[in-house]
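Structural features, examined
Chain residues, written in single-letter form:
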Amino acid sequence: DDGTTSRFVFTSRLNLAMLAGRDNLESVPMIFQEEIADKRDVRILVVDGEAFAFAIDADPGEVDWRRIGREAVITHIAAPPDVISNCQSFLAALGLRYGAFDFAVNADRYAFLECNQNGEWGWLQRATGAPVAGTIASALTRMPQIAVGRP
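A brief look at the structure comes next.

Rules and cut-offs
Residues numbered from 1 in each chain as written. Predicted model: local features only at pLDDT ≥ 70, side-chain atom pairs only at ≥ 80, totals over all residues. Heavy atoms only, no water. Buried < 20%, exposed > 50% of the residue type's maximum accessible area, 1.4 Å probe, protein only. Helix = DSSP H or I, 4+ residues; strand = E, 2+ residues; numbered from the N terminus. Pairing = 2+ DSSP bridges. Polar contact = N/O pair within 3.5 Å; in protein donor to acceptor, adjacent residues only side chain to side chain. Axes fitted to C-alpha atoms, helices over the stretch in contact; angles between N-to-C directions. Arc of directions from axis to C-beta. Contact = heavy atoms within 4.5 Å. Salt bridge = Lys/Arg side-chain N within 4 Å of Asp/Glu carboxyl O.

Within strand β1 (residues 40-47), seven of the eight residues are buried, which leaves the element mostly enclosed by the surrounding structure. Two strands pair when backbone bridges link them, and β1 and strand β4 (residues 98-106) are joined in this way by eight bridges, in the antiparallel orientation. In the strand pairing of β4, Arg-40 is matched with Val-105. Alignment of β1 against strand β2 (residues 50-57), held across seven bridges, turns out to be antiparallel. Counted as the bridge partner of Val-47 is Glu-50 from β2. Connecting the antiparallel pair β1 and β2 is a turn made up of two residues, with Asp-48 showing a positive phi of about 45 degrees.

Relative to the elements of secondary structure, Arg-43 occurs in strand β1. Looking at Arg-43, its side chain comes within polar contact range of the main-chain oxygen of Glu-120, at 2.8 Å.

Hydrogen bonds between backbone atoms are what pair the strands of a sheet, whose relative direction is either parallel or antiparallel. On the basis of which strands lie adjacent, the open sheet formed by five strands has the order β3-β2-β1-β4-β5 and antiparallel pairing. This sheet does not close on itself; its edge strands, each paired only once, are β3 (73-77) and β5 (109-116). Pairwise comparison of adjacent strand axes, ignoring direction, gives a mean angle of 25 degrees for this sheet. Where β2 and β3 come together, five bridges link them in antiparallel fashion. Bridge pairing in β3 links Ile-56 to Ile-74.

Further remarks concern helix α3 (residues 132-141). Buried within α3 are the following residues: Val-132, Thr-135, Ile-136 and Ala-139. Projected down its long axis, α3 shows its buried positions confined to an angular sector of 95 degrees, all on one face. Where the residues of α3 are buried, they touch β1, β2, β4 and α2 (122-128).

With that settled, the discussion passes to the environment of Phe-54. With respect to the element layout, Phe-54 can be found in strand β2. For Phe-54, a relative accessible area of 0% corresponds to the buried category. Once the C-alpha coordinates of Phe-54 and Ile-44 are considered, the two residues, ten residues apart in sequence, prove to be 6.3 Å apart. The residues touching Phe-54, leaving out its near neighbours within four places in the chain, are Asp-41, Val-42, Arg-43, Leu-45, Ile-74, Thr-75, His-76, Ile-77, Leu-124, Thr-128, Ala-130 and Val-132.

Under the criterion given, the structure shown has five salt bridges. Between Arg-43 and Asp-102 there is a salt bridge; the shortest N-O distance is 2.7 Å. Of the two residues, Arg-43 sits in strand β1 while Asp-102 sits in strand β4, which places them 59 residues apart along the sequence. On the accessibility criterion, Arg-43 (10% relative accessible area) is buried. Judged by its relative accessible area of 13%, Asp-102 is buried. Linking Arg-142 and Asp-48 is a salt bridge whose minimum nitrogen-to-oxygen distance equals 3.1 Å. One end of the pair, Arg-142, is in the segment after α3; the other, Asp-48, is in the loop between β1 and β2, with 94 residues separating them in the sequence.

Take a look at the structure:
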């Protein structure tokens, strides 16, 4: 590899038989999780406590909506207040000002997948008109409150 080729791995469905005979799984980074059937993907962006939630709807049989890319339908939604509050608390506990939280939602049950502290947001703003860029710009012009103490 000369470093000029980009590689991306999509989430894939597998079964335990696919892992048979593979004794060296510890040498390859992987995350395994139980599949959440009939799910809707939701991304929640939190910027200095302000939250934006988006639903990403794709073919219900597709495990990873990113495989179909632009065919996914993205809408700005209202996420449950307790989910938003948990995202805000998560960032506050880590001293972070921004996070992109990904969830798989089934029957209004939010299953947390990850928080990316550098998660992409431009595509969500383009699709919905949500004012994410302005919120980030405003946050960048404010100095965070930093507690200063003496050792």
